[in-house]
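Now for the letters of each chain:
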Amino acid sequence: MARRRGRGIASVNYPIGMNLGGDPSQALVHSNPGGKFTVALSSIDLGQGMKSVVRQICAEALGVPVEDVFVDTADSDTGPHCMGSFASRGTHRVGNAVIAAAEEARGVLLEAAAEKLEVDAADLVTDGRGNIHVRGAPSRLITVADASAAAQFEQGRTVSGRGIFLVPMSTPDPETGAMDPVTCYAHACTVAEVEVDDETGEVEVISIEAAYEVGRAMNPRLVEQQLVGGGWMGMSHALWETTEPYYPDRSHGPTDFNQYLMPGPGDICEQRFTILERPAPDGPYGGKGVGEMCSTPPIPAIANAIFDAVGVRIDEMPFTPEKILRALKEQGGAR
Amino acid sequence: MSHVTLDFRLNGTGRTELIAGGETLLSLLRHRLDTTSIKQGCRQGTCGSCTVIVDGEPRLACITLAATCDGCTIETAESLPGPGGLHPLQQAFMDHFAAQCGFCTTGMLMAAKALLAANPSPTREDVVDAISGNICRCTGYQPIIEAVLAAAGAGPSGAGQPGGSRPGVV
Amino acid sequence: MEFRKDLFANERDDDLNEVGRPTQRQDAQGHVTGRSRFFDDYALPGMLHMKFARSPHHHARVRSLDTREAAQMPGVVRILTSEDVPKKVHTLLILLDLGPDDEPPLAFDKVRYRGEPVAAVIAESESAAAAAAAKVRVDYEPLPAVFDVEEALAPGAPLVNEYHGRNWYDYNGYDFRKIRFGDVERGFREADHVVEERYQMSPIEHAPTETGGCIAAPDTAGRYVCYTNTQALFFSLETAARILDLPSNRLHFVGGTVGGGFGGKVDSVHEPLALLGAMLTQRPVRSAYSRAEEMQVSSPRGAERFYVKDGVMDDGRIVARYARIYFDAGAYSRLSPYGAVKAAAHMPGPYYIPNVWVDARCVYTNRTPSSAMRGFGVTGADFALEVQMDKLARLVGMDPMEFRIFNAYRDGDMKAHRRVTKNAALIECVQAAARIADWPLSERFQAMSSTRDGGGERGVIPPAPAPGPGPGKGASGRRVPPAGAEAAATTARPPAPADAPTVASPARSPLAGRGRMSSLLGTRRR
């Protein structure tokens, strides 16, 4: 009887967004007279950081510091329509809508500044620190706050913008399945190392090491949050979780967290990640989405690592000690 | 239903409340006294989202009878920030990006606070043990453990170094 | 976490000001102080609570429903039954013109899964509502139930959902969504090895720390407000408006701060009934899952089943892939018809395979309706495909990473759903993973790239096979009523090669230890 180590891999791609029935999201961006911007959405932040990501995207597109932007969501009276937060669509769809809205608002802002500076708006640039100046002449400047105030109190302009991003519906061809499921894919490859106790059937995940291609990491800390938490969920799906331990038998269903098993803080493993960025041609600054794909590859990687360790294939999730022991027994022990 | 009078201190303020005999601490604090940092995640005593500190001990408010807290001192996350701003644990949770959806966060913070009060220099195993009754579905626990260790390392005056986040942007 | 900025550097400007920075989250301070407002933090004065009487049966006819005793219980204000619901049968995807309506917000003539709500009790407290819900008397006539997707497709299986009239979702007159690409039969004939395996997902609970729920209340101007933790604000609003037969601007939804979702908070089950309660009582009404309900009544990740049959050459090329996918929708569609399409579109994975045949079925069973979860349609598919890839790599004696690089799709390759691959990066991900994991890769595979050597012959839609019985049922794959579980299984499976199966038994077969799996291995050497 022994604890045996094994490594397994999995490589995957992930479709960004959905196409069914069309997939739009909208955004409104507007400035108060002090040059501080609000993004109004109806998109949902479930913890994935949607508010924070689109805040950075909006600041980038406006050319103002991120401190000067806040995201207000979700109120159906003030936020325009969004399909919702699912299908890894938030960064891509909402991000693009916010860019469109921010660019329109920026256009008005630069027009207002141009009128004050008596130059052509096309000759103006923002410095990302709250100023607008003539290209090549940083001293000929006006602050975003002054331009915004002038627009609203002197020129009668609304410093605001509307944006929508729509991926139109794609209907699969009934005969061939030809379709446009999505417009871009993210990618990943995960290596899992496990230790399998061939006496108890227990699996300990030693490490998860993975490369993720995300288009553009909009905020590396938020990407890391998804990868670490998603890696944990993948490991949890692989080894612990089920609402029906003897599926398809509906009995034995867990009804609390003592029965519904997930790895606790003492069960986690070391996780290391490498990030690749191949910008999506239609992504906001190339961004794709990483929220869902990160929980997927650990599952097959762990299954393959278990085989590498003890020579049994567990093709039904989750890979419980019971299933592993039964398979080992049938095989006549670990190989 | 019989009612009893309960005297206790909540976040530094003395309170006297008339409570029903079977009333839980969760019901009293969250539903009647609007201490909404206490989250209701399972009401089975299995998720830890309602963790509060009663006389220095972490307790699950959902399975604690309010009547057992007569004369007790109760702390919730509302009491964490000090005059100088956020509590070092709160700052460390921010710096380590230890909150995603935020629902388990206040319970985690109270479990961690009780730990650090009893054991100012915990090992990683101590931290794991202290938060093992608190479910987090988002983070994978790693940043939470790191945040608690950093807050402990920084002592009462401040938290560990931010891991690259931009100070001042909230 | 490290960045490989050296890769794809020529496709990227790294001169951005705000995007790409590790900026603190906008919501972090709210989360650590407990000031972030979740739906349940909007508790209103005079708020009532809603709890459900639920079916104890997996499948039963409802002979009668008697709420009189429940109505007499202390604290009860109102009891809702199907009679009170303006639109008695609904389906979520009707918003996207994907019918039919197939799910009653409150069951009336039949219950189709254990835990299905038949009445909603609104009372002054949650405990009063729960106590009264237990007093709702329902005369049930239990019916035979079916829990397994393949059993549900067998003739004589109990009909789960009359609104579909059969136990599968109809896709354009077919019982499955199809992908047809190349000539999978020829691929199997020409392959050095043919492997078919079976993979089974488990139903999995989203388990957000905050259970699903909402608070609905009368507002001004004849409107109603709903504080909700939906993942899709307008989706839930429009669903509620349809079920309540109200103009959508009579509803005002507030949300956006949600204690985890993972796909489980799209179903919009609480909002319509809490709003109905608020309309009928003119008081705020809260409805939320208990933890036990969240685990057994709220929709789980579906129990998907995959049969993957591959033809592979000795040199490692995969030349054909046939996937049969069974999506277990449970008793009602919710989002599953879409998930099955997503799974079909995901085949054959991020690889270039010249011959692909996919049948993806959405099947109804007497189980809790399943719904979207993180990786909807993809997680189960990737579990099946990537374990299969490991088996294939070992079968042909290749390193599993090199095997994947060898078969990876590249820019210009035609995918099975007939779109050209662009922006691919799988090869680079495998190479980068090998580097951080210290996994040795030979130079030949380190030199490969997603941007080179794709397209050309790999970029064209291959000719369709000559007419004849394909792996499906008849040349067109048109649906025929299943003639029996066994018959259905055999007719839906590509015929085995003429000289198969001669199962080789290597000392350490990649397929060893499968226990009672019913997968079929045919392998032959030329």
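Draft legend 1. Structural context of the overall build of chain B. From N to C terminus, chain B includes 5 helices and 5 strands. Counting from the amino terminus, helix and strand elements in chain B follow one another as β-β-α-β-β-β-α-α-α-α. The C-alpha atoms of chain B give a radius of gyration of 16 Å, which matches the 15 Å a tight globule of 170 residues would have. Counting only C-alpha atoms and orienting by the principal axes, one finds that chain B spans roughly 55 × 30 × 30 Å. When the 170 residues of chain B are sorted by exposure, 54% land in the buried category. Considering only contacts in chain B between residues 6 or more positions apart, those separated by 24 or more positions represent 55%.

Draft legend 2. Fine view of the packing of helix 6 (residues 233–244) of chain C against helix 7 (residues 270–281) of chain C. All names here are of chain C. Contact pair helix 6 / helix 7: the axes reach a minimum separation of 9 Å and the direction vectors enclose 55 degrees. Regarding the angle of helix 6 to helix 7, the classification is oblique. For the pair helix 6 and helix 7, the crossing hand works out as right-handed. Mapping the contact onto sequence places Ser236, Ala240, Ile243 and Leu244 in helix 6 and Glu271, Pro272, Leu275, Leu276 and Met279 in helix 7. For the contact of helix 6 with helix 7, a count of residues per class yields 7 nonpolar, 1 polar and 1 charged.

Draft legend 3. Main features of empty space enclosed by the protein. Evaluation of the coordinates by the stated rule reveals 11 cavities of 30 Å³ or more. Put simply, the largest cavity is a space of about 770 Å³. For the largest cavity, the lining is made up of 46 residues, of which Gln48, Ser88, Arg89, Gly291 and Glu292 of chain A are closest to its centre. Contributing elements (two or more residues each) for the lining of the largest cavity: helix 1 (50–62), helix 2 (90–117) and helix 4 (220–239) of chain A together with helix 9 (336–346) of chain C. The element contributing the most residues to the lining of the largest cavity is helix 4 of chain A, with 3 residues. The residue makeup of the lining of the largest cavity, split by class, is 24 nonpolar, 16 polar and 6 charged. Of the volumes computed, that of the second largest cavity is approximately 290 Å³. Around the second largest cavity, the lining comprises 23 residues; the ones closest to its centre are Glu103, Pro105, Ser268, Val269 and Arg334 of chain C. Secondary structure elements with two or more residues in the lining of the second largest cavity: strand 2 (48–54), helix 6 and helix 7 of chain C. Sorting elements by how many residues they give to the lining of the second largest cavity places helix 7 of chain C first, with 3 residues. In terms of residue class, the lining of the second largest cavity is made up of 13 nonpolar, 5 polar and 5 charged.

Draft legend 4. How the structure looks around the environment of Gly456 of chain C. Following the sequence through the fold, Gly456 of chain C ends up in the loop between helix 13 (443–446) and helix 14 (485–492). When the C-alpha positions of Gly456 of chain C and Asp41 of chain C are compared, they lie 59 Å apart, and in sequence the two are 415 residues distant.

Draft legend 5. View of the sheet that holds strand 13 (residues 285–288) of chain C. Residues and elements named next belong to chain C. With mixed pairing, the 7 strands of this open sheet are ordered in space as 4-6-2-13-10-11-12. If you trace the sheet from one side to the other, it starts and ends with strand 4 (76–80) and strand 12 (251–254), each paired once. Adjacent strand axes in the sheet meet at a mean angle of 25 degrees when their direction is disregarded. By the bridge criterion, 5 bridges tie strand 10 (residues 213–218) to strand 11 (residues 224–228) in an arrangement that is antiparallel. Across the sheet, Pro218 pairs through a bridge with Tyr224, a residue of strand 11. Relative to strand 2, helix 3 (residues 126–133) is tilted by about 25 degrees, and along the sheet it contacts strand 2, strand 4, strand 6 (117–123) and strand 13. Relative to strand 12, helix 6 is tilted by about 150 degrees, and along the sheet it contacts strand 11 and strand 12.

Draft legend 6. Region of the structure containing the interface of chain B and chain A. Each side of the interface is counted separately: chain B has 30 residues, and chain A has 28 residues. Taken as a group, Phe97, Gln100 and Arg137 of chain B account for 31% of the area that chain B buries against chain A, more than any other trio of residues on that side. The tally of links between chain B and chain A comes to 1 salt bridge. Put simply, Glu241 of chain A and Arg137 of chain B hold a salt bridge, and the shortest N to O gap is 2.7 Å. Where chain B touches chain A, the interface holds 6 residue pairs in polar contact (both at pLDDT 80 or more). Ranked by the residues each element gives to the side of chain B that touches chain A, the list is headed by helix 5 (residues 142–154) of chain B, at 3 residues. When grouped by side-chain class, the residues that make up the side of chain B that touches chain A number 15 nonpolar, 11 polar and 4 charged.

Draft legend 7. Quick peek at the domain arrangement of chain C. All names here are of chain C. In terms of domains, chain C is made up of domain 1 (41–143 + 206–296) and domain 2 (153–195 + 304–499). Computed over C-alpha atoms, the centres of domain 1 and domain 2 are 38 Å apart. Taken together, the contact between domain 1 and domain 2 spans 28 residues of the former and 25 residues of the latter. Taken together, both faces of the contact between domain 1 and domain 2 bury some 2100 Å²; the carbon and sulfur share is 52%. Contact with domain 2 buries surface across domain 1, with Asp102, Arg112 and Tyr113 losing the most and accounting together for 28% of the total. Where domain 1 touches domain 2, the interface holds 4 salt bridges. When the shortest N-O distance is used, the salt bridge between Arg334 and Glu103 registers 2.6 Å. At the junction of domain 1 with domain 2, the criterion picks out 18 residue pairs in polar contact (both at pLDDT 80 or more). Of the residues contributing to the side of domain 1 that touches domain 2, the split by class is 12 nonpolar, 8 polar and 8 charged.

Parameters at a glance
- Residues numbered from 1 in each chain as written.
- Chains lettered and ligands numbered in written order.
- Predicted model: local features only at pLDDT ≥ 70, side-chain atom pairs only at ≥ 80, totals over all residues.
- Heavy atoms only, no water.
- Helix = DSSP H or I, 4+ residues; strand = E, 2+ residues; numbered from the N terminus.
- Rg over C-alpha atoms; globule rule 2.2 N^0.38 Å.
- Buried < 20%, exposed > 50% of the residue type's maximum accessible area, 1.4 Å probe, protein only.
- Contact = heavy atoms within 4.5 Å.
- Axes fitted to C-alpha atoms, helices over the stretch in contact; angles between N-to-C directions.
- Parallel < 35°, antiparallel > 145°, perpendicular 65-115°, else oblique.
- Left-handed = near helix turned anticlockwise from the far one by under 90°.
- Nonpolar A, V, L, I, M, F, W, Y, C, P; charged D, E, K, R; others polar.
- 1 Å grid on protein atoms, 1.4 Å probe; cavity = no way out; pocket = protein on both sides within 12 Å on 5 of 7 lines; lining within 4 Å.
- Points joined across faces, edges and corners; volume = space filled by probe spheres on them.
- Pairing = 2+ DSSP bridges.
- Buried area = accessible area lost by both parts, 1.4 Å probe.
- Salt bridge = Lys/Arg side-chain N within 4 Å of Asp/Glu carboxyl O.
- Polar contact = N/O pair within 3.5 Å; in protein donor to acceptor, adjacent residues only side chain to side chain.
- Domains from an automatic or database assignment.

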